[in-house]
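As a plain string of letters, each chain reads:
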Amino acid sequence: MRIIIIGGSAGAFNLILSILKGLDKEIDIPIVLVLHRLKNAKTILEDYLQLESHYKVKEAEDKELVKAGHIYTAASNYHLLLNENLSFSLDVSEEVNYSRPSIDVSFESFSFALNEKCCGILLSGANQDGAIGLKMIAENGGKTIVQDPNEAEFSSMPHSAIKIYNNHIVCTLSNIIKNINNYVK
């Protein structure tokens with residue numbers, strides 16, 4: 001099973017809404033969202049995303065098997081991992097890049113579980129989280145996409161990813177949507 005995993009922080013939420021609105025309706029590949037979130041804060045993230053998507057949106061649960069046609073969000077204050085049997089694990093180890101969930105931790109885990117069946121996308125953000133993990137996805141044969149830093153509200157994450165590995169697909173939001181729609185065909 002192929003999975004798309006999208007990471008972002010500051011400035012990424014509206015991009016994700018645009019991506020969800022732009023997805024072809026017949027697409028049912030699982031999508032995982034790893035966003036930096038406030039610790040222990042109740043949010044309505046999943047409810048809001050559900051309004052904008054034809055997918056079923058839910059927070060990933062420990063030991064839950066990934067299903068097609070679902071969007072999963074990483075829970076606040078947990079690292080989200082993927083096991084070889086395509087089930088999630090929630091991890092409370094130390095923060096990485098001042099974050100839990102860490103985009104790097106999730107990207108690395110998904111890369112090892114999926115190899116070439118992983119598509120990683122890194123969006124706007126104000127630190128370097130995600131850059132190393134996205135490189136690992138590429139090195140394991142997966143597809144990697146970085147938002148054009150010139151378009152990003154906060155360009156640190158995209159710049160960091162491009163700086164350490166220059167073979168990612170770098171594109172604007174409209175081309176990210178086209179790439180996703182083409183990836184699943």
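Just above sits the structure.
Structural notes, computed from the coordinates. The residue count restarts for each chain, going from 1 along the sequence in the order it is written. Whole-chain, interface and lining totals are the exception, using all residues; otherwise, since this is a predicted model, local features are given only for residues with pLDDT of at least 70 and side-chain atom pairs are given and counted only at 80 or more. Computation of side-chain values covers all heavy atoms of the structure but excludes hydrogens and water.

Attention shifts here to the overall build of the protein. Looking only at helices and strands, one finds 6 helices and 9 strands in the protein. C-alpha atoms define the radius of gyration in this analysis, and the globule rule sets the expected value at 2.2 Å times the number of residues to the power 0.38. Rg of the C-alpha trace for the protein: 14 Å, near the compact-globule value of 16 Å for 185 residues, within the 12% margin. With the principal axes as the frame, the protein shows a C-alpha extent of 40 × 35 × 30 Å. Across the 185 residues that make up the protein, the buried fraction comes to 54%. Residue contacts are defined here by distance: any two heavy atoms, one from each residue, within 4.5 Å place the two residues in contact. At a minimum sequence separation of 6, the contacts of the protein that also span at least 24 residues come to 69%. Here the Shrake-Rupley method, with its probe set to 1.4 Å, supplies the accessible areas, and only the displayed protein chains count as covering residues. By element, 49% of the accessible surface of the protein is carried by carbon and sulfur atoms, the whole surface being about 8,400 Å². By the counting rule applied here, Lys and Arg register as positive and Asp and Glu as negative, while His and the ends of each chain are not counted. In this description, the location of a charge corresponds to atom NZ of lysine, CZ of arginine, CG of aspartate or CD of glutamate. Each charge sign in the protein was given a centre, from 17 positive and 22 negative side chains, and these centres are 3 Å apart. Numbering of helices and strands runs from the N terminus; a helix is a DSSP stretch of H or I covering at least four residues, while a strand is a stretch of E covering at least two. Each residue is assigned to one of three classes by its accessible area relative to the maximum for its type, calculated with a 1.4 Å probe on protein chains only: buried under 20%, partly exposed between the two thresholds, exposed over 50%.

The subject of this paragraph is unusual backbone geometry. For the bond running from R100 to P101, omega is 20°, close enough to zero to count as cis. With respect to the helices, strands and loops of the structure, P101 is situated in the loop between β6 (88-91) and α3 (103-114). A positive phi is found at Y98, a non-glycine position, where the angle reads about 65°. In this structure, N115 is a non-glycine residue whose phi angle is positive, near 50°.

The next point concerns the packing of α3 against helix α4 (residues 131-139). Think of two packed helices as two axes; the pair is described by the angle between the axes and how far apart they sit. To obtain an axis, a line is fitted to C-alpha atoms, over the contacting stretch when the element is a helix, and the angle between two such axes runs from 0 to 180 degrees between their N-to-C directions. One can describe the packing of α3 onto α4 by two numbers: an axis separation of 7 Å at closest approach and a directional angle of 10°. With respect to α4, the element α3 is oriented roughly parallel. Both α3 and α4 take part in a crossing whose hand is left-handed. Contacts between α3 and α4 involve D104, F107, E108, S111 and F112 from the former and A131, I132, G133, L134, M136 and I137 from the latter. Residues are grouped as follows: nonpolar covers Ala, Val, Leu, Ile, Met, Phe, Trp, Tyr, Cys and Pro; charged covers Asp, Glu, Lys and Arg; every other residue, Gly included, is treated as polar. Broken down by class, the residue content of the contact of α3 with α4 amounts to 7 nonpolar, 2 polar and 2 charged. For classification, angles of less than 35 degrees are called roughly parallel, those exceeding 145 degrees roughly antiparallel, those between 65 and 115 degrees roughly perpendicular, and all remaining angles oblique. Left-handed is the label given to a crossing in which the near helix is rotated counterclockwise from the far helix by less than a right angle, and right-handed is the label when the rotation is clockwise.

With that settled, the discussion passes to the side chain of N97. Turning to its location among the elements, N97 is positioned in the loop between β6 and α3. Two N or O atoms form a polar contact when they lie within 3.5 Å of each other; inside protein one atom must be a possible hydrogen donor and the other a possible acceptor, and for residues adjacent in sequence the pair counts only when both atoms belong to side chains. In terms of polar contacts, N97 uses its side chain to reach the side chain of D104, at 3.0 Å. Not counting residues up to four positions away in its chain, the partners in contact with N97 are D104, N127, Q128 and D129.

The next thing to look at is a nonpolar patch on the surface. The residues that make up patches have over 30% relative accessible area and no salt bridge, and they are joined within 9 Å when like-charged or within 5 Å when they are Val, Leu, Ile, Met, Phe, Trp or Tyr. In the sections that follow, a salt bridge refers to a side-chain nitrogen of Lys or Arg positioned within 4 Å of a carboxyl oxygen of Asp or Glu. Taken together, the side chains of F13, Y48 and L51 make up a nonpolar region of the molecular surface, amounting to roughly 300 Å² of accessible area. Its place among the elements puts F13 in helix α1 (residues 13-22). Taking relative accessible area as the criterion, F13 reaches 30% and is therefore assigned partly exposed.

To form a nonpolar core, buried Ala, Val, Leu, Ile, Met, Phe, Trp, Tyr and Cys residues must be joined to one another through side-chain atoms within 4.5 Å. I4, I121 and L123 are the most contacted members of the largest nonpolar core, which has 29 residues in total. Only β1 (3-8), α1, β2 (31-35), α2 (45-51), β7 (118-122) and α6 (173-183) provide two or more residues apiece to this core. In this structure, I4 is in contact with I29, P30, I31, V32, C119, I121, I180, Y183 and V184, ignoring residues within four places of it in sequence. Judged by nonpolar contacts, the second largest core, of 25 residues, contains A60, F110, C118 and A131.

Okay, the packing of aromatic side chains next. Put simply, two rings from Phe, Tyr or Trp (the six-membered ring, in Trp's case) pair if the centres are within 6.5 Å, and we call them stacked under 30 degrees between planes, edge-to-face over 60, tilted for the rest. On inspection of all chains with the given rule, the structure shows 3 aromatic pairs. With a centroid separation of 5.8 Å and 35° between ring planes, the pair formed by F13 and Y48 is classed as tilted. With F13 in helix α1 and Y48 in helix α2, this residue pair connects regions lying 35 residues apart in the sequence. For Y48, a relative accessible area of 36% translates into the label partly exposed. Considering the side-chain rings of Y72 and F88, the 4.9 Å spacing of their centres and the 65° angle between planes classify their relative orientation as edge-to-face. Of this pair, Y72 sits in strand β4 (residues 70-73) while F88 sits in strand β6, and the two are 16 residues apart along the sequence. Residue F88 is classed as buried on the basis of its relative accessible area of 0%. In textbook terms, an aromatic cluster arises when at least three aromatic residues are bridged by ring pairs, as seen for Y72, F88 and F110. Directly above the aromatic system of Y183 lies the positively charged group of R2, at a separation of 4.7 Å from the ring centroid. Throughout this description, the term charge over a ring refers to an Arg CZ or Lys NZ atom that lies within 6 Å of the ring centre and within 35 degrees of the ring normal.

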